[in-house]
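Single-letter residue listing:
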Amino acid sequence: MSIKRINGFADMFARDSRVFEFMESTCRRVFSAYGFQEVRVPVMEYTQLFARSIGTETDVVQKEMYTFPDAHGVNQSLRPEATAGIMRAYINASLHAKESVSKLFTYGPMFRCERPQKGRMRQFHQVDCELLGTHAPAADAEIISLLLHYVTELGLTDLSLHMNNLGCPTCRPKYRQALVEYLTRHEEHLCDDCKRRLHTNPLRVLDCKKDHDLAFMQEVPVFLDYVCDDCKQHYETVTALLQENNIAFVQDHCLVRGLDYYCRTTFELQSSAIGAQTAVAGGGRYDGLIRNLGGPDIPGIGFACGMERLALLLGEREAQRKDFYMVCLDDTALHTGFKIVRDLRLAGLSGEMGYTAAGMKSSMRQAGKSGARYTLILGSDEMARQTVAVKDMDKGEQKEVSLDQLVQVISQ
RNA sequence: GCGGAAGUAGCUCAGUUGGUAGAGCAUCUGAUUGUGGCUCAGAGGGCCGAGAGUUCAAGUCUCUUCUUUCGCCCCA
């Protein structure tokens, strides 16, 4: 039996890779228009980095990471997300001392050992964008604006932006306490998962699919009632900036984040068209993260966007049409044809050739299937006259062109 | 970790109450000398996921196992 692909790891041939190439090139173009620069960080880091940034109690760290000991027995992990690695690189490079604000993005594979399903792979890809060095609400609004600009450039219009305020270490515990008290009073009505969440991660009860529509959930405490003045003002400025720029969003009191480091502004781009998953991109502010990792007390905000999930929303991309397909009818012509093809490509044209001399009929079939604009035919007749027959495959018209005019004719 | 569904030609799938396999698409060839797409004719290609069991006989029934997929959990 042949060797199989590892479950959750995908092979992407042209049909799929064209879509990814489109998403990648678009993000590079859009992000750089906002002054963001690409940073490439390793796919492996010491496990400790992820434990300290993402949170030791999260499932991502507890059971989803690919972790291996190095030669000295120190654990290292394939990255389950990109933010931690970028923060580590930012600290190591002392970027904060070189520029007051840093705008960084990275693109690449992430790894989580979960059960694969629609829109969820074990090796998946994210573009990750981080804006470091400012508390200003305008930064929050800009990064959200950037994310929406990006998906608009991709041609996606059917996404909804959900926003929430998660507060800070001063005000969040008060809300959390009020939430736990409320939920404990209604514990008997909670689903089994939520009974467990109530003790492990009570905020998660808010976005439970089963319990969301229950009657008592309609009166669940809302964070905006507990938020401190600073957090409240910050969030109000962010949302005002969005509204002034006609960026529509849904105030979603049930939006919470899976990773521990988020605070204040939190957002998610959602779609109902990608199976059981809804989040296409998610992000928020993480003001204490860099300090927690041993760096300076620098605030930050960012998001990650899941490319496999975006790809589910994008249609197929057509391949770029080739300029020519060279057909050689005999072995002598093949040698000349090879040289002509080489010269055409060096002149900047794109195309292919049949590798063996074959009959006219099957050669034309191959030419037609290649989708090229022109078929170049080289047989004994053309060889004798130092020409090539050029057939326009759309019009069906054919004319004989001398070799020195070939580039010019095909370029038209 | 827990559920549901599915594994038959390269792909998408049929296969009736058990009798050693079929279609469409794709590929290749041909329809009078060197001209594609449309049409027509033909060809190649399958240990029916694997292993046991029942039976004269298993793609079909039973069990085991592997794989894939959609959900739960969790997350982008």
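Scroll up for the structure.
Concerning the pairing of strand S15 (residues 387–392)
Moving on, step 1. Of all six residues in S15, five are buried; the element is thus mostly enclosed.
Moving on, step 2. Across four bridges, the pairing between strand S14 (residues 374–378) and S15 is antiparallel. Directly across from Thr375, in S15, lies its bridge partner Lys391.
Moving on, step 3. Sheet topology note: the S15/strand S16 (residues 398–402) ladder contains five bridges and is antiparallel. Across the sheet, Thr387 pairs through a bridge with Ser402, a residue of S16.
Moving on, step 4. Linking S15 back to S16 in an antiparallel pair, the connection comprises five residues, with Gly396 at a positive phi of about 80 degrees.

Observations regarding the layout of surface pockets
Moving on, step 1. Looking at the second largest pocket, its volume works out to about 390 Å³.
Moving on, step 2. As for the second largest pocket, its lining consists of 20 residues, of which Met12, Asp16, Phe20, Glu308 and Ala311 are closest to the centre.
Moving on, step 3. The set of elements that each furnish at least two residues to the lining of the second largest pocket consists of helix H1 (14–33), strand S6 (123–132) and helix H11 (307–313).
Moving on, step 4. If one sorts the elements of the lining of the second largest pocket by residue count, H1 sits on top with four residues.

Observations concerning the sheet that holds S15
Moving on, step 1. If you trace the five strands from one edge of the open sheet to the other, you get S13-S12-S14-S15-S16, paired in mixed fashion. Unpaired on one side and paired on the other, strand S13 (351–353) and S16 mark the two borders of the sheet. Taking the axes of each pair of neighbouring strands and ignoring which way they run, one obtains an average angle of 25 degrees across the sheet.
Moving on, step 2. Packing against the sheet, helix H12 (residues 331–346) makes contact with strand S12 (324–328), S13, S14 and S15, and its axis sits at approximately 165 degrees to S12.
Moving on, step 3. Set on the sheet, helix H13 (residues 360–370) makes contact with S12, S13, S14 and S15; between it and S12 the angle comes to about 170 degrees.

Details of the packing of H1 against helix H6 (residues 137–153)
Moving on, step 1. Where H1 contacts H6, the two axes come as close as 10 Å, and the packing angle between them is 135 degrees. Of the possible angle classes, the one that applies to H1 and H6 is oblique. In terms of crossing hand, the pair formed by H1 and H6 is right-handed. Note on element contacts: H6 touches H1 through Leu146, His149, Tyr150 and Glu153, opposite Phe22, Met23, Thr26, Cys27, Arg29, Val30 and Phe31.
Moving on, step 2. A per-class count over the contact of H1 with H6 returns seven nonpolar, two polar and two charged.

Thoughts on the protein's contact with RNA strand B
Moving on, step 1. Close to RNA strand B lie 49 residues, the nearest being Arg112, Arg120, Arg197, Arg204 and Gln398.
Moving on, step 2. In the model, a phosphate oxygen of RNA strand B is placed 2.7 Å from a nitrogen or oxygen of the Gln366 side chain.
Moving on, step 3. Lys369 is positioned with one of its side-chain polar atoms (N or O) 3.4 Å from a phosphate oxygen of RNA strand B.
Moving on, step 4. Broken down by element, the residue count for the surface near RNA strand B peaks at eight residues, all from H13.
Moving on, step 5. Partitioning the surface near RNA strand B into residue classes produces twelve nonpolar, 15 polar and 22 charged.

What about the nonpolar core?
Moving on, step 1. Counting residues in each nonpolar core, the largest one holds 43 residues, and the members touching the most others are Phe31, Ile143, Tyr150 and Leu310.
Moving on, step 2. Among the elements that line this core, the one with the most residues is H6, at nine residues.
Moving on, step 3. Non-local contacts of Tyr150, meaning those with residues more than four positions away in its chain, are made with Met23, Thr26, Cys27, Val30, Phe31, Val127, Cys305, Met307 and Leu310.
Moving on, step 4. With 27 residues, the next largest nonpolar core counts Val41, Leu132, Leu289 and Ile290 among its residues.

Details of the side chain of His125
Moving on, step 1. Residue position: His125 is located in strand S6.
Moving on, step 2. The exposure class of His125 is buried, given its relative accessible area of 12%.
Moving on, step 3. Within the structure, His125 has its side chain in polar contact with the side chain of Glu308 (distance 2.8 Å).
Moving on, step 4. Other than its neighbours up to four places away in sequence, His125 contacts Met12, Phe20, Tyr107, Gly108, Pro109, Cys305, Gly306, Met307 and Glu308.

Conventions adopted
- Residues numbered from 1 in each chain as written.
- Chains lettered and ligands numbered in written order.
- Predicted model: local features only at pLDDT ≥ 70, side-chain atom pairs only at ≥ 80, totals over all residues.
- Heavy atoms only, no water.
- Buried < 20%, exposed > 50% of the residue type's maximum accessible area, 1.4 Å probe, protein only.
- Helix = DSSP H or I, 4+ residues; strand = E, 2+ residues; numbered from the N terminus.
- Pairing = 2+ DSSP bridges.
- 1 Å grid on protein atoms, 1.4 Å probe; cavity = no way out; pocket = protein on both sides within 12 Å on 5 of 7 lines; lining within 4 Å.
- Points joined across faces, edges and corners; volume = space filled by probe spheres on them.
- Axes fitted to C-alpha atoms, helices over the stretch in contact; angles between N-to-C directions.
- Contact = heavy atoms within 4.5 Å.
- Parallel < 35°, antiparallel > 145°, perpendicular 65-115°, else oblique.
- Left-handed = near helix turned anticlockwise from the far one by under 90°.
- Nonpolar A, V, L, I, M, F, W, Y, C, P; charged D, E, K, R; others polar.
- Near = heavy atom within 4 Å.
- Polar contact = N/O pair within 3.5 Å; in protein donor to acceptor, adjacent residues only side chain to side chain.
- Core = buried A, V, L, I, M, F, W, Y, C linked by side-chain atoms within 4.5 Å.

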